[in-house]
Structure formats: C-alpha cells, structure tokens
Number of protein chains: 2
Amino acid sequence: MLENWRKPQRPDEAEVEERLKIAREKLSGQQMKIKEHGLPVLVLFEGWGTAGKGSVLGKVIRNIDPRFFKVATMDVPTEEEKRKPFLYRYFVKIPEKGKFMFLDSGWMDEITQDCLSGNLTEKDYKKKIESVKRFERQLTDNGYLVMKFFFQISQKEQKKRIDALKEDKNTDWRVSGKDDWQNRHYEKCLKVFDRYLNDTNAPADPWYLIDAKNRKWAELQVLEILVSAIDTALKNSAMAVPLLQNVFPLEKIPKLSEIALDKTLTNEEYRKELHELQKKLGELHNKLYRKKVPVIIAYEGWDAAGKGGNIKRITGALDPRGFEVHPIASPEPHEKARHYLWRFWNRLPKTGHIAIFDRTWYGRVMVERLEGFCSENEWQRAYNEINEFEKELSDWGAVIVKFWVQIDKDTQLARFTDRQNTPEKQWKITDEDWRNREKWDLYEDAVNEMLKKTNTTYAPWHVLESNDKKYARIKALKIVIKAIEQELE
Amino acid sequence: MLENWRKPQRPDEAEVEERLKIAREKLSGQQMKIKEHGLPVLVLFEGWGTAGKGSVLGKVIRNIDPRFFKVATMDVPTEEEKRKPFLYRYFVKIPEKGKFMFLDSGWMDEITQDCLSGNLTEKDYKKKIESVKRFERQLTDNGYLVMKFFFQISQKEQKKRIDALKEDKNTDWRVSGKDDWQNRHYEKCLKVFDRYLNDTNAPADPWYLIDAKNRKWAELQVLEILVSAIDTALKNSAMAVPLLQNVFPLEKIPKLSEIALDKTLTNEEYRKELHELQKKLGELHNKLYRKKVPVIIAYEGWDAAGKGGNIKRITGALDPRGFEVHPIASPEPHEKARHYLWRFWNRLPKTGHIAIFDRTWYGRVMVERLEGFCSENEWQRAYNEINEFEKELSDWGAVIVKFWVQIDKDTQLARFTDRQNTPEKQWKITDEDWRNREKWDLYEDAVNEMLKKTNTTYAPWHVLESNDKKYARIKALKIVIKAIEQELE
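Fair warning: this is a prediction, and the values are worked out from it, not measured in the lab.

A.B. asks: How do you make sense of the packing of aromatic side chains when you look at a structure like this?
C.D. replies: By the definition in use, this model includes 56 aromatic pairs over all chains. Where F86 of chain A meets Y90 of chain A, the ring centres are 6.4 Å apart and the plane angle is 75 degrees; that geometry is what we call edge-to-face. When its relative accessible area of 15% is taken as the criterion, F86 of chain A is described as buried. According to the relative accessible area criterion, Y90 of chain A is buried, its value standing at 1%. Ring centres of W48 of chain B and Y186 of chain B lie 4.1 Å apart, and the angle between their planes is 5 degrees; on these two criteria the pair is classed as stacked. With W48 of chain B in the loop between β1 (41-47) and α2 (53-60) and Y186 of chain B in helix α9 (residues 186-199), this residue pair connects regions lying 138 residues apart in the sequence. Taken as a pair, W48 of chain B and Y186 of chain B share a single burial class, namely buried. The aromatic ring of Y458 of chain B is capped on one face by K391 of chain B, whose charged end is 5.9 Å from the ring centroid.

A.B. asks: Looking at this structure, how should I read unusual backbone geometry?
C.D. replies: Despite not being glycine, T50 of chain A shows a phi value in the positive range, around 65 degrees. Tracing the chain through its elements places T50 of chain A in the loop between β1 (41-47) and α2 (53-60). A positive phi is found at R359 of chain B, a non-glycine position, where the angle reads about 75 degrees. Residue R359 of chain B is classed as partly exposed on the basis of its relative accessible area, which comes to 26%.

A.B. asks: Please explain the packing of helix α7 (residues 155-167) of chain A against helix α8 (residues 177-184) of chain A as it appears in this structure.
C.D. replies: The description of two packed helices rests on the angle between their axes and on the distance between the axes. Residue and element names in this part refer to chain A. Packing of α7 against α8 leaves a shortest axis separation of 10 Å and a crossing angle of 145 degrees. Two packed elements cross with a definite hand, and for α7 against α8 that hand is left-handed. Taking contact as the criterion, the partners of Q155, Q158, K159, I162 and K166 in α7 are, on α8, D179, D180, Q182 and N183. Grouping the constituent residues of the contact of α7 with α8 by class yields one nonpolar, four polar and four charged.

A.B. asks: I would appreciate a short explanation of the sheet that holds strand β8 (residues 354-358) of chain B in the present structure.
C.D. replies: Within a sheet, adjacent strands bond to each other through the backbone by hydrogen bonds, running parallel or antiparallel. Residue and element names in this part refer to chain B. With parallel pairing, the five strands of this open sheet are ordered in space as β7-β8-β6-β9-β10. The open sheet terminates on both sides in strands that have one partner only, identified here as β7 (323-327) and β10 (461-465). Between one strand axis and the next, the sheet turns by 20 degrees as a mean value, whatever way the strands run. Both strand β6 (residues 295-301) and strand β9 (residues 399-406) contribute to a ladder of seven bridges, which runs parallel. From the neighbouring strand, I297 faces β9, where its bridge partner is V401.

A.B. asks: When you look at the interface of chain B and chain A in this model, what are you seeing that I'm missing?
C.D. replies: With 35 residues of chain B in contact, the opposing surface of chain A contributes 35 residues. Summing the contributions of chain B and of chain A, the shared interface buries around 3000 Å²; its carbon and sulfur component is 51%. Considering only the surface of chain B that becomes buried against chain A, Q9, P203 and Q245 of chain B emerge as the three largest contributors, covering 20% of it. For the interface between chain B and chain A, the tally reads one salt bridge. A salt bridge links K235 of chain A to E376 of chain B; the shortest N-O distance between them is 4.0 Å. For the side of chain B that touches chain A, the secondary-structure elements that each account for two or more residues are α1 (13-37), β5 (207-211), α10 (215-235) and α16 (376-396) of chain B. With four residues, α10 of chain B is the single largest residue contributor to the side of chain B that touches chain A. Looking at the side of chain B that touches chain A residue by residue, the classes come out as 18 nonpolar, seven polar and 10 charged.

Rules used throughout
Residues numbered from 1 in each chain as written. Chains lettered and ligands numbered in written order. Predicted model: local features only at pLDDT ≥ 70, side-chain atom pairs only at ≥ 80, totals over all residues. Heavy atoms only, no water. Phe/Tyr/Trp six-rings, centres within 6.5 Å; stacked < 30°, edge-to-face > 60°. Buried < 20%, exposed > 50% of the residue type's maximum accessible area, 1.4 Å probe, protein only. Helix = DSSP H or I, 4+ residues; strand = E, 2+ residues; numbered from the N terminus. Lys NZ or Arg CZ within 6 Å of the ring centre and 35° of its normal. Axes fitted to C-alpha atoms, helices over the stretch in contact; angles between N-to-C directions. Left-handed = near helix turned anticlockwise from the far one by under 90°. Contact = heavy atoms within 4.5 Å. Nonpolar A, V, L, I, M, F, W, Y, C, P; charged D, E, K, R; others polar. Pairing = 2+ DSSP bridges. Buried area = accessible area lost by both parts, 1.4 Å probe. Salt bridge = Lys/Arg side-chain N within 4 Å of Asp/Glu carboxyl O.

See the structure below:
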C-alpha cells in the first residue's frame, strides 16, 4: 500500500481551514448519534515516529465530550501484560457501545517492531497476522467501527523533524532511540510496514494512509475520513455476517443421550483417590507455576449437576496464590455494552496461574441462544468465534480443559426437590431453575450442537458423569492432571 | 489454508443421507425467498481436476427451479475474450437479483493456471489478485452473495480417479492433460492454490474448503454451507459499507465556475482544423487497430451542451468497422437487476476498437445521486468503484478519455428555447430537461465533486468549453489525438 501510495492533493490553507471547521463540527454533532445508536468506535493511530500521531489525536478529541471517549497511549507491553496473550492488552481496551476509544499505536506497532528487531520468526509473524485478522473481524462482525490510520512521512521529513526536536533542549526527550533507528533504516521499516498494511487491509476495516507532512492537513484527512465512516456505520443496524467454515481440528464427541450415567464410586474408593489426586495436582501446580504455564478450566452443566462441589475438589488442591475462580452470572451493563467475550478476556489468568470458570463464554450458544438474548446469526457464528478465542489461548500456551457436568432429568428433579425441602439449601434453587428445566430438550439440543462444534483438539470437552458426584469429581481431577502433565512433559 | 486444513469429520452414511435430505429441502425452500428478497447469488466451484466439481454442481442445481439459476462452465478464454479485460468474461456473468449463477471454475482457475504454466510474473499475479479482490469486494458491497468452494482431494485420491477414468474407454476423454499434469506436480499446484486461497480469503466472501473424497459427503458440505450462507444473507437488507480511501493518483481540476466559456473559433479556423484533425485521427485509428489498443471515450455534460454533435465529429473520422457509440439512457430492468457497472462491462470494446459512451457510468454520482435512485452510501462509494473500474481498463491497456461538455446556464436556456420553437428539434427537449435545469446548482455541486474525485492520471477528465460548439469539437479531437499518440509512442 505504501509503496505505490499516491498522496492526496493538499488543498490550499484557506480551504483546509474551512473544511477543518466543517469536519470538526460534524464530528461534534455525531457524538450523540453514536451514543443513541450504541455504536462503539475504535480508532487506531499508527505510523512513523515523529509523524505527529499524538498531536493530531489531541486535536481530534477536542471535538468530543470527555464522557464519550478514552485515549490509550500504548507503550511496549509491561511485564504483567507479557504474561497474558498478545492481544489481551488491546482486547480489554475495546470501547463500550456509544463510545470512542483512541489508541496511540497498537498491535501494528507491536508486531512490526518485533519484526524489525528480529524477535519474530516468519511463522510467528504469520500467526500474529492471523490473530489480528480474527480479532478485527470479530470486532467488525460484532458491530464495532474499527478505524485504522497510518501516518506517513518521508525519510527526509522524518530526519528534519528529529533534528529539529533534538536541537531544542525542551523537546529532545521526544526523540526516542526508535525514531532514530527508524530513520536510519527507513527503507527496511517501510517494507515491514507496507507488508503489515497489506496483510491486514480488510474491506470492513481498511487502512487509511494519512499524508502527515503538514499537521493541519493531516488533522483534516483524519477528521474527514472519520466522520464519513461514522456516517456510514450509523446507517447500519445489526447485520448478519457470513458463517465461516470451521478451520480448527475437531474431535468426535458422543451426544448427551449416549452417555451412560451409571458410573459410581464407593466412599472408600473416592476418599483414597481424592487424597492421592489432590496431592498430585498440588505438586503439578507448583511446576506449572515455575514453568509459567497458564491453565484455564471451564465448567458448564445442568443446574444442580454438581459444578460447585466439583470445582471445590480442584481448588482444594491448589495454592491460593496461584488460582482464581470466576463465577459467571448474567453480564453487567458495562459488560453487555461490549463484545461478549470481553468479560472473559478480562478474566484471563497470568502465565503460571489457573483460572476456573463456573459457567463460561458458552452461555452465548446456550442461554443467550435459547432466551433470545442474541440474534440467530450471533449465536451461530459464536461457535467459530469461541474456537478462535480458545485457539488464541492455546497458541499463547494455555492448557484448556472444558467440562460438561452431566446428570439425567430425574436426578435433577431429585436434587431440586431436595434443595426446595432443605432450608439451608433453598438459596440454591430459584424459579428460573424450574423454568430452565422445562426447556430441557431445547437445551440438550443446544448442548449437543455446542459440544460437536467446539470440541477442538486444543480445547477439548470432557463430559463428567455426575449422577454420582464422587465419580465426577475424581474424573475431573484425573483429566486436569493428565492435561497439565502432557503440557509439562 | 490448504496446508493446515483439517478435514471436517465425515458422518456415517445414514447421517449423510438424512442431512442431505434436509439440506436439499432447505435450498429448495429458499428459492422463493431469494427471489422475493432480490438476492443475487454467485457460486464458484473451484478445485482439483477430477475432484467432482461438476458432479456435485449437477446435484445442487436439482433442487432449484431452472428459472432461477444459470450454470456456466468456464474453459480457457476464447480469442474474443482475450481481447477484453481479464475480468470481463466473469463480470458479464454475474447473476440478476433473485437468481443464482453457478460457475464451474472461474477466475481462480485462470490465475492459478497461468501461474503454474509460468505465464504470469509475480508482479502480474499481484495485480490480478488486486483486481480479484476489488471485483469480489464490489460484488459483496453491492449486495451480492458470493460463495467460493474449493474441492480438495489428495494426490493419491486424484491418481486413483485418473487411473479409473482412463481404464474405461467411455470415460477416458474426461481426463485432461491438465489433470495428469496436476497429479504429477501435486505439491507445486498445492502451493499455488494455497497461496491464491490465502490471498483472496475475505471475511465477506470467505473460501470454503470441501473434502471431496466422497461425493455424497461433498454434496452435503456444499449444500449445508450454501443454505446457511443464504439464510444469513436473507437477514440483511441493503447495508452501508465503509468508504475506502482513494488510492489512485488524482490530478487537480478546476471547478466548473472557474472555467472561462468565452473561447470561440471562426468558421474558417474551424473548418480548416476539423479537416486536418479528422484526417490525423483516421490515420491513428488504423495504427491502434493494428496495435490492438482499445480506446474508451466517455461523454458527460449539461443537457443541450452539444455532446451529440461533438461525438459526430469524432466518429466522422473513424472506420465504421472499428468503433461503436453507446447512447446510455436509464437502465433496462435486467440491467437494473445487476451491479450498476454491469451494463458498461457489457459494452467494452475489443482491443483495437474505440467505444464512445454518450453518457456513462457517472450517472451513478449525478442523476442517480440527485434523484435518489441509489442510497447515499452507494453513490459515495461509487467514486472509488469507478476509479477501480477505470483502473482495470487502464491496466488492460485502454486509452481512456473523459469529456465534460460545459456550457453556462444562459446558453442552455437559449438552446432549450430554440429547440422548443423549432419543430424539427422539439424531440430533443423534454419536460425532464426543464426539471433538471431547475436543479442546476445541485448538479453543479455533484459534477464538481465527481470531477475532483475521479480525475485520475490514467483516466483524466477534460472540460470542453462548449458555449461555442465549434471550439469544443476541435478541442475534443485534439485531446483524443494526443491521448492516442501518447499511447502509440
């Protein structure tokens, strides 16, 4: 893109001023429409060092009420961020519906920087490009307006700016070693930038190249492109997007109805195994902590299937400094206002930690599907979005274990009735549980579809036969242990 | 995509049969919805020789009423097709709204074939990929459902099939030299295919890889993906899409109000120049015919500006076997039912020919814009779509000359009045002309925007000052001559 880029014609100063005035007013007027329409706008400023990204950004936001935007200046990842998946620090920053998020450099800068410093193999580069494309596609598919600006200046212009900044003692701190290096290796950088721009130039969120030689003119280009794109996005209501073909390795998994639920353990067997397995898991927890392997354990299952008790037997074995349990209820308003995976990205463990989710992102294809909390197209494409999400986690190095805690309908009734009749258990049973129970068959179909479509080799499902809770707990421990052992080997 | 592709799990035969039945019925049921919704569906079957594209295609169409679909088997381009732009033979085949078009191989096959036979340089490959991406993006942007299937079989499977076909005298004709060659150079082909699939895998029209080892299973995959995509597409109404930044070289052009219209020629000057210039143009026409250079001359201008008379002075110089004039009125129903550029693709000249358009594709950003025949997003993105269209023509080697025939408002009034009062000219003036005249200022703004946004270096606009028609005619001839001379040099 950069290589055969033609600069747009720069109008004369009077015209720039006039059009700036119009564009600023337009952007200002769009705020409330964005709010009403619930449009989330993510604006990415990328480009050469000293190209003036920050200065233009500063001018753009003057037209927006501070309640409606945030700005993040992304530096090199912190040590904490380095212990999360590559996209984490960007995903957690996506805006709420109706608001702007401006990023002063983002994932492009990180990736191209890694390329230039030789820290990224060709294979890893391609993997990251895949990740970026999925990330951006998920955002636009889910109604985000993603605007990507690249600020372009020539080698000569950059040199001039660097020299000018250096000459003045008040500004010389603004020239980073990176800027200097870029300027000395301009052609090399240009190639890397150009390749990245080409690799990530998607129709739904294309790159916009900004001729950044003149500040006002750069501001005008950004503003005019931005207001035009906002206008376009405001015209759309939620739209259905193509369902992508599965590209992830899936393994066969039996339907729920094919699962025998008669497996049991005696109390003695249970106690003996529990003790041994918990000891083993405790040891492994130390090892993976030292090896910095992140572990994600996801629990789904019928109401009263025994998830809580099962989780307790896992956590009972773990060092409390190295794990978190995340009970997942319906999303809070600020969570609902973002991509549905956002609240899970926000709860990812650090490397070496274990995160246990009591209910998960699979709510999208179960309760949200069946209760109509999302559109058909949304839950249908969620299988792929979730596989992509888990692939990201797996590529990061995470061990992923997903449990479906299975009981039959009679067992559920018995447990519900027991809860109802036992005062200290009554809090555990609600009208909603009874209502859900009425939809058992619909849920079963949805669960079967979910298991089938998301049983990837890198994040497999395991069904825990939990008519006998003891059996299910021991099985869960064994599976978690095996998964960690395989990773540590 | 192919390289790390995981085959979908093939269900057992009973399940395949059952799901086939469901999918066939669904597709059958979707026909009328597609019709009502006005959805155009373009389905591309690509893949290895002997992979069974044709056989699956034959089964898919059994579920559709013949009134609603067409099938085209694309072979190597004919000599006639070779004298048109690369995408011509595909663009003219795009379906009408509410109908299917199935292509048994298409532009992928053509490009990868050229790569494999060494007929395509790396540079030309990239150019063609750009063209394909623009073509497909224009289709999806304009509401087309574009489905791309790639039929995958292993080298071993292909060998088995080729051998089986060859053994039987009744089928050995079905093995082409290409199939044999592919099989012997399987790895090489795989690489080229894979690269192409990656390069053209867009979110709005992704590739779907079909495991084609088993015919029924292949049919099922195609059917299920197709009906799901149709379901998704039917949910959408016309949607606004991002306005892409201009990437084409533009040149400054004055606003209409800045054009001096006092230029005139005496009758003598006119006759002398006309004679000389027409002679010159006639000679050039011969040369470009022999050199096979295509020429496209586009006329736009105010009503009564003198387009017709101007065109006559051009064609008067030309050999009638080597040019066509296309008067463009409002689109016919079958034209309106397709991408608005379709009727112009259909009217492209062969190499060595001259096509003159009396009104053009610029109707999109003038009359269609001002009369509300298209949405704002549609005309706004048309500038880029048109620049892309003309770039395609220019890359093909065409000389493109675009005229805006300019007069002032008083001159128009005088000519209208003259037409009204002269019986033999009355047919030339309609109520619509008077209505358009009332919108002069709106049109002038639209024309200025059009000139500014589409005045590319490869397809520049020329304003013909036509208050004095003679002056305008001589100027037009000079410009056409200069443009052809530059190309022939």
